[in-house]
Amino acid sequence: GDSVTQTEGLVTLTEGLPVMLNCTYQTIYSNPFLFWYVQHLNESPRLLLKSFTDNKRTEHQGFHATLHKSSSSFHLQKSSAQLSDSALYYCALSQNNYAQGLTFGLGTRVSVFP
Amino acid sequence: NSKVIQTPRYLVKGQGQKAKMRCIPEKGHPVVFWYQQNKNNEFKFLINFQNQEVLQQIDMTEKRFSAECPSNSPCSLEIQSSEAGDSALYLCASSLDYEQYFGPGTRLTVL
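Everything quoted here is computed from the prediction, not taken from an experiment.

Undergrad: I'd like a description of the nonpolar core, backed by residues and values.
TA: Residues Leu21, Trp36, Leu48, Leu76 and Tyr89 of chain A are the most contacted members of the largest nonpolar core, which totals 24 residues. When residues of this core are traced back to their parent elements, those giving at least two are β2 (10–14), β3 (19–21), β5 (33–39), β6 (46–51), β8 (63–66), β10 (87–94) and β12 (108–113) of chain A. For this core, the element with the highest residue contribution is β10 of chain A, accounting for 4 residues. Core analysis: the second largest hydrophobic core is formed by 20 residues, Ala19, Met21, Trp34 and Val110 of chain B among them.

So this is what it looks like as C-alpha cells:
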C-alpha cells in the first residue's frame, strides 16, 4: 500500500532561521496528491499546502514545497521560522481520487525558540 | 477555517461500553472521513462515506466499529465494545474536492 516517510521526529531551531522538513512517499499511482497539514497544540489538523503538479512550487503563509515525482519527494521549507510555527507537521498522500482516505506520515514536531 | 462540527469533544467510557460520536460535515461537502489519532499522534484512516454510502473502511472498523451518514442527520461513529486501545482522538473530515477539512475531534478515553 501507500506510505509516507518523514525522517525527522523533532526539529528544534531558533526564530529567524530556515526550516526544512523532509517528506518522501511510495505509491503505485502515477498521479498522487501530496499535502502538508499543520496541527497546533490542542487543535485539529489544518491544510497548509497541496500539490499534484510535478516540479511546480506551491506556497502558502510563508511555507513552500515542490512535488518531485522523480524522487518521490515533497519537502516543506520556510526561509525564516517564527515562534508561532511551533506545531506538528504532517505530510500526507492521496491517490488521484478526491474520495480517498489520506495516508499520513508520522509527523515532525517543530519547536521554535526565541 | 473548518466548519466541521464534532460532538462530544470529550468522551469517557469503561471497557466494554459503547462509545458514540457525531460529526456534521461542512455544508455541501459530499465526502466524510473518520480518522483515529493515537497517543503517539499517528493517524489511521477508518472509514469514509459519499452521500450516505460507505466507500472504504479498514478491517478494524468492520468488527467493533460501526458508522453511518444518514441524509439530513449527523454522521456517527460508534464503537460497540470499547477497549483500552481505542483511547484516541477521533477526527472527522469532510471534502468537496481534494482538500479535507478536519473538525476539532472527539477525545475518547477508555478506562
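Undergrad: How would you sum up the packing of aromatic side chains? Please name residues and give values.
TA: Scanning the model with the defined rule gives 17 aromatic pairs over all chains in all. An angle of 25° between the planes, with centres 6.5 Å apart, marks the rings of Phe33 of chain A and Phe35 of chain A as stacked. You can call Phe33 of chain A buried: its relative accessible area is 6%. According to the relative accessible area criterion, Phe35 of chain A is buried, its value standing at 0%. Plain terms: the ring middles of Tyr37 of chain A and Phe102 of chain B are 5.4 Å apart, the flat faces sit at 90° to each other, and that makes the pair edge-to-face. In this pair, Tyr37 of chain A sits in strand β5 while Phe102 of chain B sits in strand β10 (residues 100–102), so the two residues belong to two different chains. Taking the relative accessible area as the measure of exposure, Tyr37 of chain A reaches 0% and is therefore buried. Here Phe102 of chain B falls in the buried class, since its relative accessible area comes to 2%.

Undergrad: Lay out the sheet that holds strand β7 (residues 57–60) of chain A with the relevant residues and their values.
TA: All names here are of chain A. Spatially, the 4 strands line up as an open sheet ordered β3-β9-β8-β7, and their pairing is antiparallel. In this open sheet, the two strands that pair with only one neighbour each are β3 and β7. Each adjacent strand pair in this sheet contributes to an overall mean axis angle of 20°, direction not counted. As paired strands, β8 and strand β9 (residues 76–78) are joined by 3 bridges and run antiparallel to one another. Bridge pairing in β9 places Ala65 opposite Leu76.

Undergrad: Kindly report on the pattern of salt bridges, identifying the contributing residues and their values.
TA: Within the structure shown, the criterion is met by 5 salt bridges over all chains. The shortest N-O distance in the salt bridge between Lys50 of chain A and Glu99 of chain B comes to 2.3 Å. With one member in each of two chains, Lys50 of chain A in strand β6 and Glu99 of chain B in the loop between β9 (88–95) and β10 form a pair that bridges those chains. With relative accessibility at 34%, the residue Lys50 of chain A sits in the partly exposed group.

Undergrad: Can you tell me about the sheet that holds strand β8 (residues 75–79) of chain B, naming the residues and giving the values?
TA: Sheet strands line up and pair through hydrogen bonds in the backbone, either parallel or antiparallel. Residues and elements named next belong to chain B. Sheet architecture is open: 4 strands sit in the order β1-β3-β8-β7, paired in antiparallel fashion. Edge positions in the open sheet fall to β1 (5–7) and β7 (65–68), since each of these has one partner strand only. Shown here is a sheet whose adjacent strand axes are inclined to one another by a mean of 15°, direction ignored.

Undergrad: So what's going on with unusual backbone geometry? Residues and values would help.
TA: Trans peptide bonds make up the majority, and among non-glycine residues the majority have a negative phi. For the bond running from Thr7 of chain B to Pro8 of chain B, omega is -15°, close enough to zero to count as cis. Here Pro8 of chain B is to be found in the loop between β1 and β2 (10–13). For Asn55 of chain A, which is not a glycine, the phi torsion comes out positive at approximately 60°.

Undergrad: Go over the interface of chain A and chain B with me, naming the residues and quoting the values.
TA: Of the residues lining the interface, 20 residues belong to chain A; the matching set on chain B comes to 23 residues. Summing the contributions of chain A and of chain B, the shared interface buries around 1,800 Å²; its carbon and sulfur component is 57%. On the chain A side of the contact with chain B, Tyr98, Ala99 and Phe104 of chain A bury the most area, a combined 31% of that side's loss. Remark: the boundary between chain A and chain B carries 1 salt bridge. On inspection of chain A and its partner chain B, the count reaches 9 residue pairs in polar contact (both at pLDDT 80 or more). Secondary structure elements with two or more residues in the side of chain A that touches chain B: β5, β6 and β10 of chain A. Tallying contributions element by element places β5 of chain A first for the side of chain A that touches chain B, with 4 residues. Classifying every residue of the side of chain A that touches chain B gives 12 nonpolar, 6 polar and 2 charged.

Parameters at a glance
Residues numbered from 1 in each chain as written. Chains lettered and ligands numbered in written order. Predicted model: local features only at pLDDT ≥ 70, side-chain atom pairs only at ≥ 80, totals over all residues. Heavy atoms only, no water. Core = buried A, V, L, I, M, F, W, Y, C linked by side-chain atoms within 4.5 Å. Buried < 20%, exposed > 50% of the residue type's maximum accessible area, 1.4 Å probe, protein only. Helix = DSSP H or I, 4+ residues; strand = E, 2+ residues; numbered from the N terminus. Phe/Tyr/Trp six-rings, centres within 6.5 Å; stacked < 30°, edge-to-face > 60°. Pairing = 2+ DSSP bridges. Axes fitted to C-alpha atoms, helices over the stretch in contact; angles between N-to-C directions. Salt bridge = Lys/Arg side-chain N within 4 Å of Asp/Glu carboxyl O. Contact = heavy atoms within 4.5 Å. Buried area = accessible area lost by both parts, 1.4 Å probe. Polar contact = N/O pair within 3.5 Å; in protein donor to acceptor, adjacent residues only side chain to side chain. Nonpolar A, V, L, I, M, F, W, Y, C, P; charged D, E, K, R; others polar.

Scope: geometric values only; no functional claims are made or implied.
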